[in-house]
Amino acid sequence: MSRNNHQSSIINNQSVKRPVVVLGLGNPLMGDEGIGVHLIERLVALAAEYPSVDFIDAGTGGLSVLHYLDGRRKAIIIDCAFMDEPPGAIRRFTPEEVRSRKVLAHESLHEADLMQIIAVARQLGQAPEQIVIFGIQPEQVQPGGELSRTLAEKIDEYVSLILHELEQ
Amino acid sequence: MSKGTININVHHVTRIEGHGNIVLNAKNGKIEKLEWQVPEAPRFFEAMMRGRSYEDIQTIVSRICGICSISHSLVATKAVENAIGVQVSEQTDMIRLLMHFSEQFQSHVLHVGYLVAPDLFNAPSVVPLVAKAPDAVKTIIGLHRLANEWSDLIAGRTTHPVTLRPGGMTKIPTEQQLRELQDRIKKCMPNLKVVANVVLSVAGNLPNFERPTEYVSLKQNKPPTYTFYHGQIGSTDIKDTVAVNDWKTVANEYVVDQSTAKWTKWHRDSYAVGALARFNNNAELLSPGAKAIAKTFGLKKGCCNPYMNSVAQLAEAVHVIEAAIQLIDQILTKGLKPEVVRVSPKAGKASGAVEAPRGILFHEYEFDRKGTCIGADVCIPTNQNHANIQRDFEKLVPEILGESEDSIRQKLEMLVRAYDPCVSCSTHMLDVQFVR
């Protein structure tokens, strides 16, 4: 969580959006919840090999995801996900293949459901043709800057799956 | 309905993310239970900051909240600088203020567009609102996009800023980028007025409810400014102001049984913070366009209808646009120059305050002589509003108890939404079931 890590993971102020975006979602201060951000930090080190891809640490910005999706051909979204899988499991899926179990209270802007944000983007005609989500089942979501050992030991596997997706 | 039984239990618990619960039980016109119940939000961050360097604090706290991350980073940076005795340059101060304006604009547009508008159009959320009012939603999203790009330019990215450091900035925009930003900000004003007119067309759906309330916000006298960033702590109940370092004598945090979050009170048994509080303390200092918006909606200083917080947000959105245009002119007139920042750690303890979009936000830090954090305290606007939401409930419900259960529920939910509490912002993970 050093400042340099975060700076290195930003692609900002660029005038033209690249056709493919990889979004890492989550909070790295909440244990496995931050897996998306941890993976973006790894992937951004390889960014030079992928000139048509933006790698973005989208944190917990909620509805701001709308704007990261707009104007792209393909979006790959990496997020911590409860999927009834064993901790550390990673699953690749499209929005059509799942149903969100989240029940938002709509009390606050601070709530967010990625599946609803994708639905809004599609309704507005601002969604990429292809959206692929990599969900990673957490072992622990609690205050603390570290990933669980279960997820930390699988980082290389996760990275190679995402890179494979980028080759598609 | 008043002679029947009412059981409202708006209770949303996802696996991790907390939500506020609304509980109302009434029988034969008598209220048996009426509670606004909330989980604690970001206290654990205070423990995380202990042992960290003074240079890292603003980066850590940027993750407390995905909506107010700029405010948390700015207030932490100010508190750290106060604690170690660092003064920043006028240039740094102006650029940070411009950054802060971007968050006010972003949050207010989002709040009015995504959270309040669905209520006014009788839509359960923004998703069905897209079908009901597609043009209005697209206009709102366009304004939101401008706000995000404004944050990107000054804060280094949309959320979780990375350009702040104690003593200065790690990166500043170029003069050309500022000119382009100013040009885009100027062009957004017609769209902002479109949104205001859309809200105005359905403003009659805002409940007519009033409760005399103490409103607390920053006040800045030198020079007199509608402030989000500088100044001391003011209240509609007093003429003087209180120094930021004395914020604990304002918040007077206390524990209640119905909530794990701490509540606050000052001159009364609750107080409110946020756009309406700022308006009630500083309305005469709004920009001309913002005053015009307030007038259009009939919003006057002294308003104590909490539902009008959303109108105050609209007025503030116009204000930050007009103030940002002026501020960019000032920055460009003085000219941008590179600055070398040299800061040495030293022992100290101090606080900072800014106005987050949802209200006044306090951070306090203590460092040892090596600049290692040995104490941290954060008091967020949402916690300062909890007691006030409860008191609003207690006055509102007897007034509407004769209405249908659905109507009562909606008015209570709308009231909570008007405050936009930050109760679930530090985690946003997916929770999905595979259907094929």
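Since the structure is predicted, the reported quantities are computational estimates derived from the model, not experimental observations.

## Some remarks on the overall build of chain A
Thought 1: Broken down by element type, chain A carries 6 helices and 6 strands.
Thought 2: Walking chain A from its N terminus toward its C terminus, one meets helices and strands in the order α-β-α-β-α-β-β-β-α-β-α-α.
Thought 3: Put simply, 78% of the contacts in chain A that link residues at least 6 apart link residues at least 24 apart.

## What about the pairing of strand E14 (residues 430-434) of chain B?
For a regular strand, the rule is simple: side chains alternate between the two faces of the sheet.
Thought 1: As defined by bridge partners, strand E3 (residues 74-82) of chain A adjoins E14 of chain B across 2 bridges and the pair is classed as parallel. Residue pairing in the sheet places Phe82 of chain A in a bridge with Asp431 of chain B of E14 of chain B.
Thought 2: Relative to E14 of chain B, strand E5 (residues 98-100) of chain A is paired through 3 bridges, and the arrangement is antiparallel. Note that in E14 of chain B the partner of Ser100 of chain A across the bridge is Val432 of chain B.

## Comments concerning the sheet that holds strand E11 (residues 348-356) of chain B
Residue and element names in this part refer to chain B.
Thought 1: Taking strand neighbours across the sheet as the criterion, the 3 strands line up as E11-E12-E13 in an open arrangement whose pairing is antiparallel. Two strands in the sheet have a free side with no partner beyond their single neighbour: E11 and strand E13 (373-379). The average undirected angle you get between the axes of adjacent strands in this sheet is 15 degrees.
Thought 2: Of the pairings in the sheet, the one linking E11 to strand E12 (residues 359-367) comprises 9 bridges and is antiparallel in character. From the neighbouring strand, Gly352 faces E12, where its bridge partner is His363.
Thought 3: Strand contacts of helix H12 (residues 381-400): E11, E12 and E13, with the helix running at about 130 degrees to E12, the strand carrying the most contacts.

## Points about the packing of helix H9 (residues 275-282) of chain B against helix H11 (residues 309-334) of chain B
Residue and element names in this part refer to chain B.
Thought 1: H11 packs onto H9 with a crossing angle of 70 degrees between their chain directions and a minimal axis gap of 8 Å. It follows that H9 is roughly perpendicular to H11 by the angle criterion. Every pair of crossing elements has a handedness; the one defined by H9 and H11 is left-handed. Contact with H9, carried on its side by Ala275, Leu276 and Phe279, involves Asn309, Ala312, Gln313, Ala315 and Glu316 of H11 and no other residues of that element.

## Side note on H9 of chain B
Residues and elements named next belong to chain B.
Thought 1: With 8 of 8 residues buried, H9 is to be regarded as a mostly interior element.
Thought 2: Along H9, the residues classified as buried are Ala275, Leu276, Ala277, Arg278, Phe279, Asn280, Asn281 and Asn282.
Thought 3: Its buried side turned inward, H9 meets strand E6 (216-221), strand E8 (232-235), H11, E11 and E12.

## Looking at unusual backbone geometry
Residues and elements named next belong to chain B.
Thought 1: With an omega of -15 degrees, the peptide bond between Lys222 and Pro223 qualifies as cis.
Thought 2: Locating Pro223 in the fold gives a position in the loop between E6 and strand E7 (224-225).
Thought 3: Within the chain, Asp420 stands out as a residue other than glycine whose phi angle is a positive 50 degrees.
Thought 4: Assignment of secondary structure puts Asp420 in the loop between helix H13 (405-419) and E14.

## A closer look at the nonpolar core
Side chains of a nonpolar character, in soluble globular proteins, are inclined to be buried together.
Thought 1: By size, the foremost hydrophobic cluster in this structure holds 181 residues, and its most contacted members are Leu23 of chain A together with Ala315 and Ala353 of chain B.
Thought 2: Per-element accounting of this core gives the leading share, 14 residues, to helix H4 (residues 90-120) of chain B.
Thought 3: When neighbours within four sequence positions are excluded, Leu23 of chain A is seen to be in contact with Ile56, Ala58, Val65, Tyr68, Ala75, Ile77 and Ile78 of chain A.

## Focus: the confidence of the model for chain A
Thought 1: For chain A, per-residue confidence averages 87 on the pLDDT scale, and residues scoring 70 or more make up 86% of the total.
Thought 2: In the predicted structure, residues 1-13 of chain A sits below a pLDDT of 50 and forms 30 contacts with residues beyond four places in sequence or in another chain.

## Let's talk about the environment of Asp93 of chain B
Residues and elements named next belong to chain B.
Thought 1: Positionally, Asp93 belongs in helix H4.
Thought 2: Of the residues examined, Asp93 has 14 C-beta atoms within 10 Å and is grouped as partly exposed.
Thought 3: Between the alpha carbons of Asp93 and Met169 there is a distance of 9.7 Å; along the sequence they are 76 residues apart.

Cut-offs used in this document
Residues numbered from 1 in each chain as written. Chains lettered and ligands numbered in written order. Predicted model: local features only at pLDDT ≥ 70, side-chain atom pairs only at ≥ 80, totals over all residues. Helix = DSSP H or I, 4+ residues; strand = E, 2+ residues; numbered from the N terminus. Contact = placed C-beta atoms within 7 Å. Pairing = 2+ DSSP bridges. Axes fitted to C-alpha atoms, helices over the stretch in contact; angles between N-to-C directions. Parallel < 35°, antiparallel > 145°, perpendicular 65-115°, else oblique. Left-handed = near helix turned anticlockwise from the far one by under 90°. Buried ≥ 20, exposed ≤ 12 C-beta atoms within 10 Å, placed from the backbone. Core = buried A, V, L, I, M, F, W, Y, C linked by C-beta atoms within 7 Å. pLDDT = per-residue confidence, 0-100.

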